[in-house]
Amino acid sequence: MPNIYERLGVRTIINAKGPSTRLSGAIMPPEVAAAMGEASQHCVDMAELQGRANEIIAEITGAEAGYVTSGAAAGLLLGTAACVTGLDPGKMNRLPDTRGMKAEVVVPRSHRNFYDHAVRAAGVTLVEVGIADRFSGAGMRDTEPWEIVDAISERTAAVLYVAHPNAMPPLTGRGRPLKTTREPSIVDAAAQLPPREILRRVIADGADLVVFSGGKAIRGPQSAGILCGRRSLIAAAALQNLDLDIVYEMWNPPASLFDKDSLAGLPQHGIGRSCKVGKEEVVGLVTALRLYAAGDVEEECRNWSALARELYEGLRGLANARVEYLADSYRPGVPGVRLTLGEKAAGKTAPELIRELQDGDPAIAVDQSRMREGVVGLTVICMEPGDPPVIARRMKELLA
Ligand SMILES: *Cc1c(COP(=O)(O)O)cnc(C)c1O
């Protein structure tokens, strides 16, 4: 029986690039897909469901509280809004108009990226610090913890930090940038898994809020993510995301997430209402997160190495290309293969080869981040058994 994409006339892709939104995220474990299907067959109170998700996320991440968002980017918007408004319903109603509120977010200049649009969408201005001199080859200091502290003023709502193994200043060690200020920190750790320890480490390093993508290594729904951290901030984020078309007396929120009596009143639908999360996503995310956290790391490593070995053996001996086995590709510990094309391998440049791979049949997506240096990157994190020989065959055809 043809699959749903064949019936729709849409090609499926062999994903050697890794989980990315453009390529529809990762492939969900069947248990997660089944949980989402089951979730779709009942109605629930969404606040109650998020209250339960809160407990599960808190237990797995070590954070005080957690919330399921419609992706990590939505988590950045909701987390920023929470830092600006706190639990004040009047401020929540006024966003994105931040007049009279703390509305600056301090960020190391070298951490700027397109996802920080989601931070700015809350109505704040980014205040950049440091100089990304490492990337121009002219220096090495980038940003130091004191520069973050120096930029903080009475207008500062939060500090934004984008986690990456090479990010400066480092999260741990001397200076501990997230521990040097009283202002809340928001850490974008969307794509920092694996290793699994990151789920707990960023909070342990002092982050007040952290976002993770649900549709990358966690293999949950593509349109789900996690926002976790300080309970009052998570409550403020939740109030700006949940549908609040209900009068205060009738509202019976989960006590794990909200102290109803400490709220001055209920805001109207907030700035995050357009980042709606479905019950299927909440259930899918917590199911995927539990599976991921309890996953057998050694078995995962064995499966990944077997795929990467098979791919490497299949590609070895390609004409006009250097083929290397990589122990670390998409993330540390995720193996892959790197092809470096000769000046004109079979008359093709790397961008040309990558175009043919993506547009051909089967369609194969690869990492194109270093294509201008002649490099074609392949990672196994989203590969399925049976993919390596298909990739090797196609590559040989195109480079013959
Ligand atoms: C993928 C990614 C995001 C966005 O995550 P979604 O779950 O797709 O919203 C944000 N920041 C970084 C650094 C990412 O890699």
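Right above here is the structure, for reference.
Residues numbered from 1 in each chain as written. Predicted model: local features only at pLDDT ≥ 70, side-chain atom pairs only at ≥ 80, totals over all residues. Heavy atoms only, no water.

(A) Molecular detail of the environment of V277. As for its placement among the helices and strands, V277 is situated in the loop between α10 (231-239) and α11 (279-294). Taking relative accessible area as the criterion, V277 reaches 9% and is therefore assigned buried. Taking the C-alpha atoms as reference, V277 lies 34 Å from S153; in sequence the two are 124 residues apart. If we skip the residues at most four places from it in the chain, V277 touches M46, Q50, V68, T69, S70, N241 and V282. (Helix = DSSP H or I, 4+ residues; strand = E, 2+ residues; numbered from the N terminus. Buried < 20%, exposed > 50% of the residue type's maximum accessible area, 1.4 Å probe, protein only. Contact = heavy atoms within 4.5 Å.)

(B) Region of interest: the pairing of strand β12 (residues 375-379). Burial of β12 is extensive: 5 of the 5 residues sit out of reach of the surface. Residues V375, G377 and T379 point to one face of β12 and V376 and L378 to the other, with burial holding for every one of them. In terms of strand pairing, strand β10 (residues 336-341) meets β12 through 5 bridges, oriented antiparallel. Looking at β12, one finds that G336 is bridged to T379. (Pairing = 2+ DSSP bridges.)

(C) Representation of a nonpolar patch on the surface. Residues I4, Y5, L8 and V10 make up a contiguous nonpolar surface patch of about 390 Å² in total accessible area. Here V10 is to be found in the loop between α1 (4-8) and β1 (13-15). (Patch = residues over 30% accessible without salt bridge, like charges linked within 9 Å, V, L, I, M, F, W, Y side chains within 5 Å. Areas by Shrake-Rupley, 256 points an atom, 1.4 Å probe, with all protein chains shown as cover. Salt bridge = Lys/Arg side-chain N within 4 Å of Asp/Glu carboxyl O.)

(D) Seen up close, the sheet that holds strand β8 (residues 225-229). With mixed pairing, the 7 strands of this open sheet are ordered in space as β2-β8-β7-β6-β5-β3-β4. Whereas interior strands pair on both sides, the edge strands pair on one side only; in this sheet they are β2 (65-69) and β4 (125-129). Direction aside, neighbouring strands of the sheet carry axes that sit 25 degrees apart on average. Summarising the sheet, strand β7 (residues 209-213) and β8 pair through 5 bridges and their orientation is antiparallel. Bridge assignment links V210 to a residue of β8, and that residue is C228. Against the sheet, helix α4 (residues 72-85) makes contact with β2, β3 (104-108), β5 (156-162), β6 (185-188), β7 and β8, and its axis sits at roughly 165 degrees relative to β7, the strand it touches most. (Axes fitted to C-alpha atoms, helices over the stretch in contact; angles between N-to-C directions.)

(E) Inspection of the site of the ligand at higher detail. Around the ligand, the neighbouring residues are T21, G71, A72, A73, Y115, D188, A190, A191, S213 and K216. Residue S213 places a side-chain N or O atom 2.5 Å away from an oxygen atom belonging to the ligand. Relative to its unbound accessible surface of 380 Å², the ligand loses 84% to contact with the protein. Tallied by class, the residues present in the shell around the ligand amount to 5 nonpolar, 3 polar and 2 charged. (Near = heavy atom within 4 Å. Polar contact = N/O pair within 3.5 Å; in protein donor to acceptor, adjacent residues only side chain to side chain. Nonpolar A, V, L, I, M, F, W, Y, C, P; charged D, E, K, R; others polar.)

(F) Expanded view of the pattern of salt bridges. On inspection of all chains with the given rule, the structure shows 22 salt bridges. Of the charged contacts in the structure, one is a salt bridge between R52 and E55, with a shortest N-O distance of 2.6 Å. Residue R52 and its partner E55 are both found in helix α3 (residues 46-61); the two are separated by 3 residues, about one turn of the helix. We note a salt bridge from R120 to D116, for which the minimum N-O separation is 3.8 Å. Relative accessible area serves as the criterion here: at 35%, R120 is assigned to the partly exposed category.

(G) Molecular detail of the layout of surface pockets. Approximately 740 Å³ is the volume attributed to the second largest pocket. Along its surface, the second largest pocket is lined by 29 residues, and P29, R219, E300, N303 and W304 are the ones closest to its centre. Going through the elements one at a time, α2 (30-39), α11 and α12 (297-315) are the ones with two or more residues in the lining of the second largest pocket. Among the residues forming the lining of the second largest pocket, the class breakdown is 19 nonpolar, 2 polar and 8 charged. (1 Å grid on protein atoms, 1.4 Å probe; cavity = no way out; pocket = protein on both sides within 12 Å on 5 of 7 lines; lining within 4 Å. Points joined across faces, edges and corners; volume = space filled by probe spheres on them.)

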